[in-house]
Amino acid sequence: MSSKTKLQFLLLFTAILIFSLQSCSNSGVGPEEGDSLSWKPYLMHTTFRGISGTSTDNIFVVGDAGAIMHYNGDKWMNMESETSKGLNCIIADEDGSAYAVGDSGLILRYLGNEWLKDNSVTYEDLNAVWLSPNGKLWAVGDKCTVLEDQSGLWSQIEFETSYDLNDIWGSSDSNIYAVGDSGLIIHFDGTSWREIDAGISSSINRIHGVAANDVYLLIDDDALYRYDGESWSVMAADFEEHFHDLWVASSDDIFLVGHGGVAFHYNGLFWSEMKTDSFAPIYAIWGNSPSVIYTAGWEGVILRYNRISWEEVFNMSPASAKAVWGTSWDNVYSVGWNKISHFNGYKWKRITDPTFGFSVNDICGTSDGLIYVVGILSVLRYDGSFWQAINHEALAQNYCIWVGSEKDLFIGGWGTLFHYDGNAWKLLYEGYESILDVWGISSENVFAVTREGRIFHYNGSELSELQVESPGSFSGIWGSSPDDIYVVGKSGSILHFDGAEWRNMDSGTNDFLYAVWGASNNDVFAVGDNGVILHYDGSKWIKMNSNASVRFFDVWGSSGSDVWAVGPEGIYHYSSD
């Protein structure tokens, strides 16, 4: 969770020799500064629930917390939805428009430049939306909610039953089906809706077809039903897997996707399991043609099938992070829980390694060839090619790390603070204090802060406690020089050391602050709860507009105009882009 690692810029106004020892150095040229610097969500930790498109260069996915992504044929981009409600389904039109529905009656309409909210006539969760070949919109949801769009004005169709409706599909304006719980099927013939008894008692989760006499139902007990124009019958049953969605190219080309990244295909003769190399549950599938198919699901994973193999084209799992650190604007790492992710200047990508599988809490290094991560009973070192576990005597949770050099490591954790001098580990502290962050200038000048609101200083030979006015809990520390150090913590507390004394600063917030980092002594950032991001310009702290209400656990940047803030709900970026 920390700023501990961010020593890249400590150096700026002090002895170069001293600061070169800490070595989280900044290199490379970052994004150009502009007049429109702002914080924007780069990746949001979410689950995708729906996918739709019109071509391979116009695809939309939607999901939890109002997440909307768009693919333009080149890259996946986040879109502003102006909502935090969950989105469950989306349908795209050939004219460039798109429509999404979600929780509490939410209806969004995209006309090519921005997403706007429609005036809905229900507060029930909407689970599916369908666009007829003639451009007529329908939406269905809980308690047998059926909404009809009349030139932008929605009206609700009343039914006697109150079962939830899960999906809607039709072959024309006069042949529409809506399906839901307890085997509910209602049919619209162009004039009126009526209930159909197909002999199904289980909930119907999905419906899709290719013609009026070729319609398919995905049942909750993982059976597939087919309608041939006259009657409904079981096409496939007794699957051991649990499916969430289906897509039908033709009667002999059907796809089922579901839990654990499972995918099955029917070729007209038999069903076969497809290898996706993904363990993330798949909740939605859409195809542009039988040869180009996309799926979306858990942790923002998007897969593409090209008739030969499945490949991962997008993965939002790096979005959930505890710490961030890098060497330059195009070489940034984030860590959290059981993953390490890397940003190459273009996109974030999760790093997998056979030696890696523990919860990660912090990262720090001196260069791309000397990086360390710490977590539960583990320390890993990256040499530029491989991650390798190193011996460490701490038998507890490791929370933070500061790296001065390969022979100068400090690791803080649950009641411990260790130092490694290249030969052996030395226990500097053991007690009830949880060390949440550690930062230093050299091996003879290192600071550590605790969850219990104390600050320790190591002078190269012994550890001592500094007498400060404590708010009760500290979580982050960073400095630009030996006489310019910042500590943040509980209730918006910020302490500053000017080389002579520690004093409290007015942060302007009561939110808990988790981390602090700066590009210089007059360009410092602090982050915390409820989306709070503070900036210090050398004279006062100002609250920045993060456009978020999430928790930020850490902050780091390559410059004052290229800064990353990370937390369990997402990764945010501050730049002129």
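Per chain, the residues get numbers from 1 upward, laid out in the order the sequence is written. In keeping with the model being predicted, local features are shown solely for residues with a pLDDT of at least 70 and side-chain atom pairs are shown and tallied solely at 80 or more, while totals for entire chains, interfaces and linings include all residues. Side-chain measures were taken over the full set of non-hydrogen atoms in the model, leaving aside hydrogen atoms and water.

1. A look at the overall build of the chain
Thinking step 1. Starting at the N terminus, helices and strands are each numbered in turn, a helix being any DSSP run of H or I of at least four residues and a strand any DSSP run of E of at least two. Tallying secondary structure elements over the chain gives 1 helix and 54 strands in all.
Thinking step 2. Taken over C-alpha atoms, the radius of gyration comes to 27 Å for the chain, in line with the 25 Å a tight globule of 577 residues would show.
Thinking step 3. Its C-alpha atoms give the chain principal-axis dimensions of about 85 × 45 × 40 Å.
Thinking step 4. Among the 577 residues that make up the chain, the fraction classed as buried is 59%.
Thinking step 5. Contacts between residues were defined by any pair of non-hydrogen atoms, one from each residue, lying within 4.5 Å. Looking at the chain alone, contacts between residues at least 24 apart form 42% of all its contacts between residues at least 6 apart. Each radius of gyration reported is based on C-alpha atoms, and the globular scaling rule is 2.2 Å times the count of residues to the power 0.38. Classification of residues uses two cut-offs on accessible area relative to the type maximum, computed with a 1.4 Å probe and protein chains only: under 20% is buried, over 50% is exposed, and between them is partly exposed.

2. Here we look at the pattern of salt bridges
Thinking step 1. Salt bridge, as used here: a side-chain nitrogen of Lys or Arg that lies within 4 Å of a carboxyl oxygen of Asp or Glu. According to the stated counting rule, one finds 15 salt bridges in the structure shown.
Thinking step 2. One salt bridge connects Asp 253 with Arg 307, and the closest N-O pair in it is separated by 2.2 Å. Pair noted here: Asp 253 is in strand S23 (residues 253-258) and Arg 307 is in the loop between strand S28 (302-305) and strand S29 (310-314), with a separation of 54 residues, a long-range link.
Thinking step 3. Taking relative accessible area as the criterion, Arg 307 reaches 30% and is therefore assigned partly exposed.
Thinking step 4. Among the salt bridges present, the one from Glu 569 reaches Arg 551, with a minimum N-O distance of 3.2 Å. With a gap of 18 residues between them, Glu 569 in the loop between strand S53 (562-567) and strand S54 (570-575) and Arg 551 in the loop between strand S51 (541-544) and strand S52 (554-559) connect regions that are remote in the sequence.
Thinking step 5. Judged by relative accessible area, Glu 569 falls into the partly exposed class, the value being 26%.

3. Some remarks on the environment of Trp 298
Thinking step 1. Within the secondary structure, Trp 298 sits in the loop between strand S27 (292-297) and S28.
Thinking step 2. As a C-alpha pair, Trp 298 and Asn 213 span 85 residues in sequence and 33 Å in three-dimensional space.

4. Considerations on the sheet that holds strand S18 (residues 204-211)
Thinking step 1. Whether two strands pair comes down to DSSP finding at least two bridges between them. With antiparallel pairing, the 4 strands of this open sheet are ordered in space as S18-S19-S20-S21. Of all the strands in the sheet, just S18 and strand S21 (232-236) have a single pairing partner and so form its edges. Taken pair by pair, the neighbouring strands of this sheet meet at an average axis angle of 25°, ignoring direction.
Thinking step 2. Taken together, the 6 bridges between S18 and strand S19 (residues 214-219) define a ladder with antiparallel strand orientation. Paired with Ala 211 across the two strands is Asp 214, which belongs to S19. Whenever a helix is involved, its axis is fitted only over the stretch in contact; in every case the axis is a line through C-alpha atoms, and angles between N-to-C directions fall within 0 to 180 degrees.

5. Description of the environment of Lys 339
Thinking step 1. Following the sequence through the fold, Lys 339 ends up in strand S32 (residues 339-343).
Thinking step 2. When the C-alpha atoms of Lys 339 and Pro 318 are compared, they prove to be 7.5 Å apart, with 21 residues separating the residues in sequence.

6. Some words on the side chain of Asn 398
Thinking step 1. For Asn 398, the position within the fold is in strand S38 (residues 398-405).
Thinking step 2. When its relative accessible area of 0% is taken as the criterion, Asn 398 is described as buried.
Thinking step 3. Counted as a polar contact is a pair of N or O atoms within 3.5 Å, where, for protein atoms, one must be capable of donating a hydrogen and the other of accepting one, and residues adjacent in sequence contribute only when both atoms are in side chains. Side-chain polar atoms of Asn 398 contact the backbone oxygen of Ser 378, separated by 3.5 Å.
Thinking step 4. Among residues more than four places away in sequence, those in contact with Asn 398 are Asn 361, Val 374, Gly 375, Leu 377, Ser 378, Val 379, His 392, Ile 411, Gly 412 and Gly 413.

7. Comments concerning unusual backbone geometry
Thinking step 1. Even without being a glycine, Asp 277 presents a positive backbone phi close to 60°.
Thinking step 2. When you line up the elements, Asp 277 lands in the loop between strand S25 (271-274) and strand S26 (282-289).
Thinking step 3. Phi at Glu 299 is positive, roughly 55°, even though this residue is not glycine.
Thinking step 4. On the secondary structure map, Glu 299 appears in the loop between S27 and S28.

8. Observations concerning the sheet that holds strand S16 (residues 185-188)
Thinking step 1. If you walk across this open sheet you meet the 4 strands as S14-S15-S16-S17, and the pairing is antiparallel. The open sheet has two edge strands with one neighbour each: strand S14 (165-172) and strand S17 (193-196). On average, each strand axis in the sheet is tilted by 25° relative to the strand beside it, whichever way the strands run.
Thinking step 2. Here 6 bridges tie S14 to strand S15 (residues 175-180), and the two strands are oriented antiparallel to one another. If you follow Gly 170 over to S15, its bridge partner there is Ile 176.

9. What about the packing of aromatic side chains?
Each pair of aromatic rings is reported with the distance of its centres and the angle of its planes.
Thinking step 1. Stacked, edge-to-face and tilted are the three classes for Phe, Tyr and Trp ring pairs, Trp counted by its six-membered ring, which pair at centre distances within 6.5 Å; planes under 30 degrees apart are stacked, over 60 edge-to-face, the rest tilted. The final tally for this structure, using the stated rule, is 49 aromatic pairs.
Thinking step 2. Aromatic ring contacts, followed pair by pair, group Trp 39, Trp 517, Phe 525, Trp 556 and Tyr 574 into a single cluster.
Thinking step 3. Definition used: whenever NZ (Lys) or CZ (Arg) falls within 6 Å of the ring centre and also within 35 degrees of the ring normal, the charge is taken to sit over that ring. The residue whose ring lies beneath Arg 49 is Tyr 283, and the NZ or CZ to ring-centre distance is 4.9 Å.

10. Quick notes on the nonpolar core
Considering soluble globular proteins, one finds that nonpolar side chains tend to be buried as a cluster.
Thinking step 1. One finds Trp 39, Phe 48, Trp 76, Tyr 294, Tyr 486 and Trp 541 to be the most contacted residues of the largest nonpolar core, which totals 91 residues.
Thinking step 2. Here the element with the most residues in this core is strand S40 (residues 425-442); it accounts for 6 residues.
Thinking step 3. Residues in contact with Trp 76, not counting those within four places in the same chain, are Ile 59, Val 61, Met 69, His 70, Tyr 71, Tyr 294, Ile 302, Val 313 and Phe 314.
Thinking step 4. Put simply, buried Ala, Val, Leu, Ile, Met, Phe, Trp, Tyr and Cys residues joined by side-chain atoms within 4.5 Å make one nonpolar core. With 42 residues, the next largest nonpolar core counts Tyr 99, Leu 131, Val 179 and Ile 200 among its residues.

11. Side note on the state of the cysteines
Thinking step 1. The criterion for a disulfide is a pair of cysteine sulfur atoms lying within 2.5 Å. Summed over the entire model, instances satisfying the criterion amount to 0 disulfides.
Thinking step 2. The thiol of Cys 144 is unpaired, and the distance to the nearest cysteine sulfur, on Cys 89, comes to 17 Å.

12. Observations concerning the confidence of the model for the chain
Thinking step 1. The predictor attaches a confidence to each residue, called pLDDT, with possible values from 0 through 100. With 92% of its residues at a pLDDT of at least 70, the chain reaches an overall mean of 89.
Thinking step 2. Throughout residues 1-35 the model reports pLDDT below 50, and contacts reaching past four residues in sequence, or to other chains, amount to 140 contacts.

13. Side note on the pairing of S21
Thinking step 1. Here strand S20 (residues 224-227) runs beside S21; their pairing, made up of 4 bridges, is antiparallel. Paired with Leu 224 across the strands is Ala 236, a residue of S21.
Thinking step 2. Between S20 and S21, which follow one another and run antiparallel, lie 4 residues, and Gly 229 among them has a positive phi close to 100°.

14. Examining the side chain of Ser 334
Thinking step 1. Here Ser 334 lies in strand S31 (residues 331-336).
Thinking step 2. Apart from residues no more than four positions distant in its own chain, Ser 334 is found in contact with Pro 318, Ala 321, Ala 323, Val 324, Lys 339, Ile 340, Ser 341, Trp 348 and Ile 571.

15. Some details on the environment of Leu 409
Thinking step 1. Tracing the backbone through its elements, the reader meets Leu 409 in strand S39 (residues 408-420).
Thinking step 2. Note on Leu 409: relative accessible area 0%, which makes it buried.
Thinking step 3. Here Leu 409 is in contact with Tyr 372, Trp 402, Val 403, Phe 418, His 419, Tyr 420 and Trp 425, once residues within four sequence places are set aside.

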